[in-house]
Amino acid sequence: MMKEFRKNRLAVLCLLVLLSLYGLALFADFFSPYAYDEEDVEHLWSPPAKIHLIDREHNIFLKPFIYKDSFTIDEYYRRIYREDRTQAVPIRFFVRGFSYKLLGLFKSDIHLFGVADSSKIFILGADSKGRDLFTRILYGARISLSIGLIGVLISYGIGLLLGGIAGYYGGRVDMILMRLVEMIMLVPGFYLMLALRSSFPPNLSSTQVYVLLIVILSFIGWASIARVIRGMALSLRENEFVYAAKSLGLRDLQIIVRHIIPHTFSYAIVTIVLSIPGYILGEAALSMIGLGIQEPQASWGNLLSSAMGIVNIKLFPWILTPGLFIIAASMCFYVLGETLRDIIDPKRKISL
Amino acid sequence: MSKLLEVKNLKKYFSHHHCLVKALDEVSLEIPHGKTTALVGESGCGKTTLAKTILGFYRAQDGSVFLEGKNITACRRRFLARNIQIVFQNPYVSVDPRYTVYATLYEALTVFKKVSSQEAKPELVNLLAQVDLSPEVFHRYPHQLSGGQLQRVCIARSLINRPKLIILDEPTSALDITTTLKILTLLKRLQKELGVSYLFISHNLKLVRFMSDYVWVMYYGKIVEWGSQKELFENPRHPYTRVLLDAAYQRLTETASETLETDGCRFRARCTSRDKRCQAEPDWQEISSEHFVRCHRSGDTYV
């Protein structure tokens, strides 16, 4: 199976991209030059820094550098940033900056890169408050990517168990559970999300909102998985090993957990991977319209909320980069899921 | 003969596309202690349904099952599990393919006993020895075992809680002929050692003759004849029994017919010696104290 996976170059690439995204999110403190909420009035809407290796006199440097920039204000009171070609600021690596706890364990203040305190580096530009977009994307990845994983695990937990129960018992239990599933599936996902979110108070702490988002997304997500698992359980329960387990006196829940649900895993793995983007997008949608993660906390969704006006997009196009991260992460999960599905061919793998 | 299990007027109907299928139509059956009772009939005649109804997998519409005089029709599964076990036809689908032999047996053991995996080992080694398997198979998965080995594992699993009755649902029809003989010999030996009773479900009358003490013949949800093995094989009275016996020796002696009668004698469409009386439901006729038949023509002499 690993062999087949390695043969698929695209899938391997996607896996690497995802792993590096999760790596960036996990070590965001180290990779980001600034704190996620560090504001700077001198650099409101500062464009992405141009990184140079060759200076005005065509000297080639081994170390990259940027030019210190300054702004003038035009007739529309807009800031026009201009590089000051006389003041080169070298980019330094492993510099000391704000202190943090790596993985919450090791105290450190080393950052991957940075510039001297007199200047600032915004490799993906800055937002309306002069906060570094790159930093905020990394911190946002923590929320956006973890919501996907945790949300999917919770909803699959519920979906597997309730689907298993519905399929195993059949009859009235099945009837009730499946009607419930249909009720959830019938309401368009986005409106259900809005409705659920609006039933909670709007001013919650960021941790509460985070947990709430996971709960909302899982609540919507378990229905479809429960329906498929129920179908599989319906056919699995006719297996003689299930009858054997019954005749041995095992309890129903033991049979469902030990002998029914594990047989749906090869299917579940594929759909788990395929459905993670849904959670990432769900969080992004809620946060973007301001119902999810609140400022100054960053998530890919609320970073995009500043890109809602066409004027902003035209003037500061770099504020769309969080969208590229969302697209990249979602696509990688899709490709990975599709590849897994091809490899775990039900006809070849599952011997029901 | 003292009765271990008694099935009384068991009815199990399935509705299938608005059509009522009488899988068990007032079936009564007796299983004595420490003996092998065979249940024979063609596939689809309700043998397995009867087994599953006895085990409580299906709820019967009517009738009851008694275990040593106690009505167990609505009994809980855990009570039944201590007394009745089943061995299925295809061992490869009757153990969870994701479990090793050890895990399969350990799970069965822990249903009624709280033991750690380590403590259970000597007991499981003994158990395997009883079915002529060495502990080497413990850490194998089902697909790594031969059909015969795996069926021994299934037999070991069914013995684990010392049941009084084991239902053998065509236990050898997925095995080859030499393995079949070994398994049946093993089962006979276990019966002698443990005094366990068997309900041996089969359509192979040669094996039934080898294995059983009593034989019950079933035709589409009805018992049509029963008797001791000796009587039934030497003096079969129901034409269906004779058809089965002849078929076991590669002789086809029936009228080809796809019709299935729903009243009177169910077998009459296929019967070579039917007459007007067969329109009515036949009643039990006593041939001897251990041989009964349900045929209007049982008194006639057969050629």
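In this text, all values refer to a predicted model and were calculated from it rather than measured experimentally.

1. Some thoughts on the overall build of chain A
- The helix and strand inventory of chain A stands at 14 helices and five strands.
- Structurally, chain A occupies a C-alpha span of about 85 × 50 × 35 Å along its principal axes.
- Pairs at least 24 apart in sequence give 67% of the contacts found in chain A among residues at least 6 apart.
- Entry remark: accessible area of chain A is about 17900 Å², with carbon and sulfur atoms responsible for 66%.

2. Side note on the packing of aromatic side chains
- This structure, assessed with the given rule, holds 23 aromatic pairs over all chains.
- The interplanar angle of 40 degrees and the centroid separation of 6.0 Å between the aromatic rings of Tyr34 of chain A and Phe122 of chain A together place this pair among those described as tilted. Of this pair, Tyr34 of chain A sits in the loop between α3 (28–31) and β1 (52–54) while Phe122 of chain A sits in the loop between β5 (106–114) and α4 (133–169), and the two are 88 residues apart along the sequence.
- Its relative accessible area of 11% is what places Tyr34 of chain A among the buried residues.
- Geometrically, the ring pair formed by Tyr168 of chain A and Tyr169 of chain A is edge-to-face, given 5.2 Å between the ring centres and 80 degrees between the ring planes.
- Owing to a relative accessible area of 6%, Tyr168 of chain A belongs among the buried residues under this scheme.
- For Tyr169 of chain A, a relative accessible area of 37% puts it in the partly exposed group.
- A connected cluster of aromatic rings, assembled from ring pairs, spans Tyr219, Tyr220, Tyr240 and Phe267 of chain B.
- In this structure, Arg79 of chain A is placed above the aromatic ring of Phe71 of chain A, and the distance from its NZ or CZ to the ring centre is 4.2 Å.
- Between Arg82 of chain B and the ring centre of Phe112 of chain B, over which it is positioned, the NZ or CZ distance is 4.2 Å.

3. Things to note about the sheet that holds strand β2 (residues 60–73) of chain A
Residues and elements named next belong to chain A.
- Taken together, the three strands give an open sheet; going across it, the order is β1-β2-β3, and neighbouring strands pair in antiparallel fashion. Looking at strand neighbours, the two that pair on one side only are β1 and β3 (79–90), the edges of this open sheet. Across this sheet, the average inter-strand angle for adjacent strands is 45 degrees, counted without regard to direction.
- Here β1 runs beside β2; their pairing, made up of two bridges, is antiparallel. In the sheet register, His52 faces β2, and the bridge partner there is Phe65.

4. A word on a nonpolar patch on the surface
- On the surface, a nonpolar cluster with roughly 620 Å² of combined accessible area is contributed by Leu186, Val187, Phe190, Tyr191, Ile289 and Met308 of chain A.
- Looking at where Ile289 of chain A falls in the secondary structure, it is placed in the loop between α10 (265–288) and α11 (300–304).

5. Here we look at the environment of Ala38 of chain B
Residue and element names in this part refer to chain B.
- Assignment of secondary structure puts Ala38 in strand β3 (residues 36–40).
- Separated by 249 residues in the primary sequence, Ala38 and Ile287 place their C-alpha atoms 19 Å from one another.
- The residues touching Ala38, leaving out its near neighbours within four places in the chain, are Phe200, Val208, Ser212, Tyr214, Val215 and Trp216.

6. Description of the domain arrangement of chain A
- When its domains are assigned, chain A resolves into domain 1 (49–121) and domain 2 (136–348).
- Here the C-alpha centroids of domain 1 of chain A and domain 2 of chain A sit 40 Å apart.

About the cut-offs
- Residues numbered from 1 in each chain as written.
- Chains lettered and ligands numbered in written order.
- Predicted model: local features only at pLDDT ≥ 70, side-chain atom pairs only at ≥ 80, totals over all residues.
- Heavy atoms only, no water.
- Helix = DSSP H or I, 4+ residues; strand = E, 2+ residues; numbered from the N terminus.
- Contact = heavy atoms within 4.5 Å.
- Areas by Shrake-Rupley, 256 points an atom, 1.4 Å probe, with all protein chains shown as cover.
- Phe/Tyr/Trp six-rings, centres within 6.5 Å; stacked < 30°, edge-to-face > 60°.
- Buried < 20%, exposed > 50% of the residue type's maximum accessible area, 1.4 Å probe, protein only.
- Lys NZ or Arg CZ within 6 Å of the ring centre and 35° of its normal.
- Pairing = 2+ DSSP bridges.
- Axes fitted to C-alpha atoms, helices over the stretch in contact; angles between N-to-C directions.
- Patch = residues over 30% accessible without salt bridge, like charges linked within 9 Å, V, L, I, M, F, W, Y side chains within 5 Å.
- Salt bridge = Lys/Arg side-chain N within 4 Å of Asp/Glu carboxyl O.
- Domains from an automatic or database assignment.

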